[in-house]
Amino acid sequence: MKQFIVCDPNKCVGCQICELACAVEKDGLLDITRTRIFSIRVEPSLMMSVTCRLCESPTCVASCPREALSQDPDTGIIRVDEEACVGCGWCVEACEFGVIIQEPGKTTVDICDLCNGRSVPACVEYCPKDALTLTTPVQVGQQTRKEVLGELLQELIEA
Amino acid sequence: MRLTVEFFGLLRQLTGVNESQLEFEGSVDLHGVVEELGRRFPRLIDEGVILQDRELSPSFVFSINGRIVAQNLNARVADNDSLLLISAIWGG
Amino acid sequence: MYAYTGRVLHVDLSRQESHVEVLESDFLQKYLGGVGLATRLLVDNSEPACDPLGEGNTVAVAVGALAGTMVPASGKHALAAKSPLTGFIGDSLSGSYWSHALRRAGYDGMVIKGRSAQPTYLFVDNEYVLFRDAENLWGMESFATEEAIRAEIDDNRVRVASIGVAGEKLVRYACISNDRGRQAGRTGLGAVWGSKNLKAIAVRGTQPIPVADLAGLDRLSLELAEAAQGLPTAKYRVTGTVGNVLTLNRLGLLPTRNLRNSVFECAEEVSGEYMQANYKEKTVACSGCPVACEQVARVREGQYDGARASVDYETLYALGPCCGIGDFKPIIKAADLCDRYGLDTMSTGVTIAWAMECFERGIFTGSDTDGLELNFGNHEALIGLIERIALRQGIGELLSQGSKRASEEVGQGSEKFAMHVKGLELPGYEPRGLKTYALGLAVGTRGACHNRSLAYEPDMKGQVDRLKAEKGRGRIAMECEDLAATLDCLMFCKFIRGCFKDFHEEAVEFYRLATGLDLTTQDLKQVGERVCNLKKYFNIREGWTKKDDWLPARLLEEPLPDGGDKGTTLTPEELRLMIDDYYAARGWTEDGLIPPEKLAELGLEDLTQKARQ
């Protein structure tokens, strides 16, 4: 079952520690331009982080004129073929979540790969509020149902 | 001997109450109070507010009738004493 | 260089020019960064006796040594200038994204001099410095200013520090805001920017920060971040610092109605616990901080519906109990207005409390106050005065000068209950029941300040008898100040200080892993002492004398009014004893001046040369 990283906006505090953890893990640098996960403050009291959603029929893969992007059929992780990528940036535009980066000084793009090889993604490990989890669609559904029905039950008890 | 312990902030959440009346046979020191609180409110032990050997986490202090007692829990308490269990962390 | 960039950006607003000064690592090691570096830059780049709101005042800025790294709670910056409120050192801290951005743009600090002819904002874009027209921003609230600049540059990574209308109007306690809800609040530095026609400083910093040992720093940071989720930060995370209200009230130490009372009958309704249950909207963190202490509260009904602000204890005390206000709705609204106008909530609340007492005593009448009834507890008066202060309208003109100047102008005995030291209004702890803290308030270089003093800690932790004034408190107050200064130079946010097993040992390790520089724990402690003396040196240069270290008459003439220790007095003799004890502990003269030997001991002998010139 495909795993991906989700962020709970109720727990996220906008600290951006995920961004630093990602840059350090992937590029070994304290450089916020190199993060593959993005902390966004949508509104003064609403913030969350977003990264690659491992879409079905990903638009990034479809958009690449050099077929430099491919998706692993089992994990859903998007792989960048650094030889083929020419840094045209079409995938950056095509991504509906804006989570593909192409930074100055590098001709190829970078996309979150769930810290391939690490037991748990760095951002998930470092998040101080456990707002980030590596999970599956099935687990997300189960968790949401539990929470929403739990709240409903609590309201009934209090009423 | 009876006394009251009042709780604030996190401790209200952990105990579920704002204050607690404690009763003791004869005289007791703050170690004894800590032990009784731990018995009554096990969550205080679970969360590390109360430590082994009837000690208190350094993040909290007692005040006895307005006198804040530094981490030494040998202070004795008397009938009708009013205790506050408060955060030792100040600022803001 | 690791972590540090060794670069300070000098900006001349009059000439619209900038240049970079290079700093050597031994210089940086003496001051570390933050308040220490900012104070030193101020001392070196300013002339004595300038008008704080004139062209001659300098504003220095410095980030902490560890800014830009993943070290928890290290994303802070300090500003220092001559304060228009006190005439002495005005140092103020803030935190979050802007702090990191300045380091990532390539700077350890800034020095800002002169005055722009027109409203201007600076855009520090990595190595470029642009002077931009701020005519269309002048008159805007702080939040709107940030949004407008970020939209104009069209980059979410741009971080903005700005003043609101209060700073533009030169209200003496105007603040500087950054990152949607953080402020360098105290001592009126917003007015200094306003006097320079400086509306904002926008920073885009996207450079990597090299550190000496990335893996080691990462590991130690993760440990500290985990410790930061435990009991030593529980109060900040669960209720926020507003959690202080009920405890202080139960101990009879909650300053109420301009310190006429020390117990507030509405304490429960303005407590941290009450806020969590009824008004809490969100917890927000500063960038890079795993604690997350910012408690955002929101009003959802009534005439103040929609008001939203981060509410910390000092803000709550000043706008709440100090003014006799026992309801969160007007308090949140008042805090929101202060944030938008760019006002220090503490000085605002305590100055308004003074005005309320004046009104209740008949010193002001309705004709002075545009018909506002300035009674304690009247929330319409609180809200009405804030706008008048920010715009300097009606009685707001008088109040915008701060309680010291206002009471000196009004006279009629009102100086006795103007609750300030050196012009800076009092924080939210009752000094008559906390005598080491009372000493700390009197001698503090920026005025009445719990934060730079920390002397409330030994009192509140029961390490000393808080109701007694005795010899030995001088040394304790000194050590507390030195620790605060050390934290403010490194910079670690004070809220994380309880998470270290041995602060100095661990701090030098963080410093070494980041900068590659060896600092002993003794060196580190000495930085604190050095910076406290440096700030004192600045004050002496600006005309400080012994009489400036004292407390408001109310505290020395009226006993503790309420609570279990009601009737306790703090006498002038007690205060004199403690102050003399403090000067002796510091190695200063009986008049509180710094002998050349002490300056030399701290590596500040060059200041003796300066004094001679």
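Note that the structure is a prediction, hence the values are computed from the model and not measured.

Residue and element names in this part refer to chain C. Two elements in contact, helix H2 (residues 34–44) and helix H22 (residues 521–541), have axes whose closest approach is 10 Å; the angle formed by their N-to-C orientations is 35°. Considering how the two elements wind past one another, H2 and H22 form a crossing that is left-handed. Touching Val35, Gly36, Thr39, Arg40, Leu42 and Val43 of H2 are Val527, Val531, Leu534, Lys535 and Phe538, all from H22. Residue composition of the contact of H2 with H22, grouped by class: seven nonpolar, two polar and two charged.

Each partner contributes to the interface: chain B provides 25 residues, whereas chain C provides 30 residues. For the side of chain B that touches chain C, the elements supplying multiple residues, two or more each, are helix H1 (10–15), strand S6 (60–64), strand S7 (67–69) and strand S9 (82–87) of chain B. In terms of residue class, the side of chain B that touches chain C is built from twelve nonpolar, eleven polar and two charged.

Listed per partner, the contact involves 18 residues of chain A and 26 residues of chain C. In terms of residue count, the dominant contributor to the side of chain A that touches chain C is helix H1 (residues 17–27) of chain A (three residues). Grouping the amino acids of the side of chain A that touches chain C by side-chain chemistry returns eleven nonpolar, five polar and two charged.

This next bit is on the environment of Arg530 of chain C. Residues and elements named next belong to chain C. Within the element layout of this structure, Arg530 appears in helix H22. A residue is classified by how many C-beta atoms lie within 10 Å of it, and Arg530, with 26 of them, is buried. If sequence neighbours within four positions are ignored, Arg530 has contacts with Lys30, Leu602, Gly603 and Leu604.

Moving on: the packing of H2 of chain C against helix H20 (residues 473–490) of chain C. Residues and elements named next belong to chain C. Interhelical geometry of H2 versus H20 gives an angle of 85° and a closest axis separation of 4 Å. Compared by their axis directions, H2 and H20 come out roughly perpendicular. Two secondary-structure elements touch here, H2 through Gly34, Val35 and Gly36 and H20 through Ala485, Asp488, Cys489 and Leu490. Among the residues making up the contact of H2 with H20, the classes are represented as four nonpolar, two polar and one charged.

Residue and element names in this part refer to chain B. As summarised here, the arrangement of the five strands in space is S2-S1-S9-S6-S7, forming an open sheet in which the pairing is mixed. Since the sheet does not close on itself, it has two edges, and those belong to strand S2 (19–23) and S7, each with one partner. In this sheet, neighbouring strand axes are inclined to one another by 30° on average, regardless of whether the strands run parallel or antiparallel. In terms of strand pairing, S6 meets S9 through five bridges, oriented antiparallel. Counted as the bridge partner of Phe60 is Ser87 from S9.

This brings us to the pairing of strand S3 (residues 59–63) of chain C. Residue and element names in this part refer to chain C. Of all five residues making up S3, five are buried, and the element is well covered by its neighbours. Side-chain alternation along S3 places Val59, Val61 and Val63 on one buried face and Ala60 and Ala62 on a second face that is also buried. Sheet topology places S3 next to strand S6 (residues 109–113); four bridges connect them, and they run antiparallel. Along S6, the bridge assignment pairs Ala62 with Gly109. Across four bridges, the pairing between S3 and strand S4 (residues 76–82) is antiparallel. The partner of Ala62 across the bridge, within S4, is Ala78.

Below, the discussion takes up the domain arrangement of chain C. Residues and elements named next belong to chain C. Partitioning chain C into domains gives domain 1 (7–204), domain 2 (231–419) and domain 3 (431–551 + 571–612). Between the C-alpha centres of domain 1 and domain 2 the distance comes to 26 Å. Domain 1 puts 30 residues into the contact, and the matching count from domain 2 is 26 residues. Mapped onto the side of domain 1 that touches domain 2, the elements with two or more residues apiece are helix H3 (97–104), helix H4 (142–153) and helix H5 (165–168). Residue composition of the side of domain 1 that touches domain 2, grouped by class: 13 nonpolar, twelve polar and five charged.

Core analysis: the biggest nonpolar cluster contains 286 residues, and Cys123 of chain A together with Ala38, Ala60, Leu79 and Ile332 of chain C have the highest contact counts within it. Beyond its immediate chain neighbours, meaning those up to four positions away, Ala60 of chain C contacts Ala38, Leu41, Leu42, Asn45, Leu79, Ala80, Ala81, Gly109 and Val111 of chain C.

Further remarks concern unusual backbone geometry. Residue and element names in this part refer to chain C. Note that the residue after Leu490, namely Met491, is joined by a cis bond; omega there is -20°. For Ala3, which is not a glycine, the phi torsion comes out positive at approximately 65°. Within the secondary structure layout, Ala3 lies in the segment before strand S1 (7–12).

Turning our attention to the sheet that holds strand S9 (residues 159–162) of chain C. All names here are of chain C. Here six strands make up an open sheet; going across it, the order is S8-S7-S12-S9-S10-S11 and the pairing mixed. Strands with a single pairing partner mark the edges of an open sheet, and in this sheet they are strand S8 (128–133) and strand S11 (182–184). On average, each strand axis in the sheet is tilted by 20° relative to the strand beside it, whichever way the strands run. As defined by bridge partners, S9 adjoins strand S10 (residues 176–178) across two bridges and the pair is classed as antiparallel. Bridge pairing in S10 links Ala161 to Asn178.

Thresholds applied
- Residues numbered from 1 in each chain as written.
- Chains lettered and ligands numbered in written order.
- Predicted model: local features only at pLDDT ≥ 70, side-chain atom pairs only at ≥ 80, totals over all residues.
- Axes fitted to C-alpha atoms, helices over the stretch in contact; angles between N-to-C directions.
- Helix = DSSP H or I, 4+ residues; strand = E, 2+ residues; numbered from the N terminus.
- Left-handed = near helix turned anticlockwise from the far one by under 90°.
- Contact = placed C-beta atoms within 7 Å.
- Nonpolar A, V, L, I, M, F, W, Y, C, P; charged D, E, K, R; others polar.
- Buried ≥ 20, exposed ≤ 12 C-beta atoms within 10 Å, placed from the backbone.
- Parallel < 35°, antiparallel > 145°, perpendicular 65-115°, else oblique.
- Pairing = 2+ DSSP bridges.
- Domains from an automatic or database assignment.
- Core = buried A, V, L, I, M, F, W, Y, C linked by C-beta atoms within 7 Å.

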